[in-house]
Structures are given as C-alpha cells and as structure tokens.
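Survey of secondary and tertiary structure
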Amino acid sequence: MQAKEVVDQVTMKRALTRITYEIIERNQTIQDVVLIGIKTRGIYIASRVADRLKQLEGIEVPVGELDITLYRDDKKETPAEAELHSSDIPVSLEGKEVILIDDVLYTGRTIRAAMDAVMDYGRPRKISLAVLVDRGHRELPIRADYVGKNIPTAKTEEILVEMQELDGKDRIMILKEEE
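Numbering of residues starts from 1 in each chain and follows the order in which that chain's sequence is written. Only residues with pLDDT of at least 70 get local features here, since the model is predicted, and only at 80 or more are side-chain atom pairs given and counted; chain-wide, interface and lining totals rely on the full set of residues. To obtain the side-chain values, all non-hydrogen atoms of the structure were used and water was disregarded.

The protein chain is annotated in an unreviewed UniProt entry as Bifunctional protein PyrR from Enterococcus hirae. UniProt positions are given in the numbering used here, feature names are shortened, and annotations may be inferred rather than shown by experiment. Regarding the protein chain, the relevant UniProt record gives this comment under Catalytic activity (unreviewed entry): "UMP + diphosphate = 5-phospho-alpha-D-ribose 1-diphosphate + uracil". For the record of the protein chain, the UniProt heading Sequence similarities (unreviewed entry) holds the text "Belongs to the purine/pyrimidine phosphoribosyltransferase family. PyrR subfamily."

Bringing the pattern of salt bridges into the picture now. For this analysis, a salt bridge means a side-chain nitrogen from Lys or Arg found within 4 Å of a carboxyl oxygen belonging to Asp or Glu. Across all of its chains, the model carries twelve salt bridges by this definition. Measuring nitrogen to oxygen at the nearest pair gives 3.0 Å for the salt bridge that ties Lys54 to Glu60. Judged by its relative accessible area of 42%, Lys54 falls in the partly exposed class. Look at Glu60 and you get exposed, because its relative accessible area is 63%. With its nearest N and O atoms 2.7 Å apart, the salt bridge here joins Arg109 to Glu139. Only protein chains enter the accessibility calculation, which uses a 1.4 Å probe. A residue is then buried if its area is under 20% of the maximum for its type, exposed if over 50%, and partly exposed in between.

For Phe, Tyr and Trp, where Trp contributes only its six-membered ring, two rings pair if their centres lie within 6.5 Å, and the inter-plane angle classes them as stacked under 30 degrees, edge-to-face over 60, or tilted in between. Within the structure shown, the criterion is met by zero aromatic pairs. In this analysis the charged atom, NZ for Lys or CZ for Arg, is taken to sit over a ring once it is within 6 Å of the ring centre and within 35 degrees of the ring normal. Stacked on the ring of Tyr106, the Lys or Arg Arg135 has its end atom at 3.9 Å from the ring centre.

Taken from the UniProt record, the annotation "short sequence motif: PRPP-binding" (unreviewed entry) applies to residues 98-110. For the purposes of this entry, the term helix denotes a DSSP run of H or I that reaches at least four residues, the term strand denotes a run of E that reaches at least two, and both are numbered from the N terminus. When the span residues 98-110 is considered, its composition is 15% helix and 62% strand, and the gap between its end C-alpha atoms is 16 Å.

Turning to the sheet that holds strand β1 (residues 2-7), a few remarks are in order. Should DSSP find at least two bridges between two strands, the strands are taken to pair. In spatial order, the strands read β1-β8-β7; together these three strands make up an open sheet with antiparallel pairing. Two strands lie at the open edges of the sheet, namely β1 and β7 (158-162), each paired on one side alone. On average, adjacent strands in this sheet sit at an angle of 30° to one another, irrespective of strand direction. In this structure, β1 lies alongside strand β8 (residues 171-176), joined through five bridges in antiparallel fashion. Counterpart to Glu5 in the pairing with β8 is Met173. The contact definition used throughout considers only heavy atoms, calling two residues in contact when any of these lie within 4.5 Å. In this analysis an axis means a line fitted to C-alpha atoms, helices contributing only their contacting stretch, and an angle means the value between N-to-C directions, from 0 to 180 degrees. In this fold helix α1 (residues 9-26) packs onto β1, β7 and β8, with an angle of close to 50° to the strand it touches most, β1.

Spatially, β3-β2-β4-β5-β6 is the arrangement adopted by the five strands of the open sheet, whose pairing is parallel. Only two strands of the sheet have a single neighbouring strand rather than two, namely β3 (63-66) and β6 (146-150). Strand-to-strand twist across the sheet, computed as the mean angle between neighbouring axes with direction ignored, equals 25°. Bridge count for strand β2 (residues 33-38) against β3 is four bridges, and the pairing is parallel. By the bridge assignment, Ile36 is partnered in β3 with Gly64.

Okay, unusual backbone geometry next. Lys39 connects to Thr40 through a cis peptide bond whose omega is 15°. When you line up the elements, Thr40 lands in the loop between β2 and α2 (41-57). Its identity is not glycine, yet His137 carries a phi of approximately 70°, on the positive side. By secondary structure assignment, the location of His137 is in the loop between β5 (126-134) and β6.

Turning next to the packing of α1 against α2. For the pair α1 and α2, the least separation of the axes is 9 Å and the interaxial angle reads 60°. Taken together, the axis directions place α1 and α2 in an arrangement best described as oblique. In this structure, α1 crosses over α2, and the sense of that crossing is right-handed. Within the contact between the two elements, α1 uses Met12, Leu16, Thr17, Ile19, Thr20, Tyr21, Ile23 and Ile24 and α2 uses Ile45, Arg48, Val49, Arg52, Leu53, Leu56 and Glu57. Its residues assigned to classes, the contact of α1 with α2 shows ten nonpolar, two polar and three charged. Here roughly perpendicular refers to angles of 65 to 115 degrees, roughly parallel to angles under 35, roughly antiparallel to angles over 145, and oblique to all remaining angles. Handedness of a crossing is defined here by the sense of rotation of the near helix relative to the far one, left-handed for an anticlockwise turn of less than a right angle and right-handed for a clockwise turn. In the scheme used here, Gly and all other residues not listed as nonpolar or charged are polar, with Ala, Val, Leu, Ile, Met, Phe, Trp, Tyr, Cys and Pro taken as nonpolar and Asp, Glu, Lys and Arg as charged.

This is the structure we're talking about:
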C-alpha cells in the first residue's frame with residue numbers, strides 16, 4: 001500500500017479554522033448550536049471546533065459523541081455482535097441547530113445513519129454537516145454544509161485521517177494499492 005501525505009498539521013489546522021468561521025457566519029446565534037462528533041475521529045474534530053468557537057466568540061458550545069454502529073445499513077452485524085460504543089449527547093436536541101461532524105465524507109451512508117441516530121435523541125430544528133475531507137463518490141444524496149478540504153480520489157484509493165489525540169500526529173494521507 002502506497003501512502004502519500006496530502007495535508008499536513010498546519011493545513012489541517014487551517015481547514016478546521018475555516019469550518020469554524022463558516023459556522024459563525026452562517027448561524028445567527030451560536031447559543032442554539034450543538035456539535036455532535038461521529039465516532040471516532042469526528043469527536044476530536046468537534047472538540048477542536050468547539051475550542052476555536054470559544055476562542056473566537058467566547059461561547060461554550062455543547063459537544064456530543066455519536067456512535068452509529070447499530071444504525072449502519074452496510075454492516076452485516078446483528079446488535080448482539082456489534083461492538084457497541086456509547087453515545088454521549090449532553091443536552092436536549094429539541095429545537096437546536098445540530099452540526100454533525102465527521103472526518104471523511106464518502107458514500108454518505110455514515111451520515112444517513114448518524115441522522116437516524118440523532119432523531120432518537122430528539123427533533124432538532126436543523127441538522128447540518130461538517131466534514132474535514134469530502135472525497136466524493138456519493139451513493140446517497142448527501143452533501144456537507146461545511147468542508148475543510150475537498151480531496152478528489154479514485155474509488156480504489158482510501159483517505160486516512162490521523163489526529164494528534166488518537167494517532168500522535170495531525171495529517172491526511174491518500175492510500176492506494178501498489179501497482
């Protein structure tokens with residue numbers, strides 16, 4: 001497998017800052033915003049965006065963690081077989097502006113599952129989507145409202161996001177089979 005770094009630590013930080021500024025610009029009142037990170041790397045991205053919102057606006061935005069394991073339609077596991085992680089949604093979502101946050105948007109299936117999971121926690125006024133990387137190849141009519149980087153890929157390639165909190169460094173790689 002060949003690996004090529006396409007985004008370094010500095011560029012990733014800029015992408016997250018861009019997402020944060022766009023959230024501020026598009027939301028009249030940040031007080032109604034709840035950030036929900038999709039496990040695993042989405043929770044770290046959500047936390048970083050929340051930290052940046054606090055720096056820029058002086059407002060603490062609630063951050064939740066969402067496990068979509070049982071909502072996936074592309075996994076063959078039964079609920080008993082699925083490795084369950086916990087979701088942690090710290091506030092009521094009723095009438096809130098929920099921004100789902102994930103590392104990579106690919107087919108759209110993860111996001112569809114995440115929307116189903118969010119609805120089990122209440123009825124938000126609006127659900128938006130923020131992703132660090134949009135790589136294309138959608139199978140469902142889902143698009144991101146906030147995108148850090150568009151990285152076009154072939155279907156045979158993979159995007160690997162590494163984050164300091166989990167992997168010891170911040171970077172985005174394209175992986176492809178060696179010829």
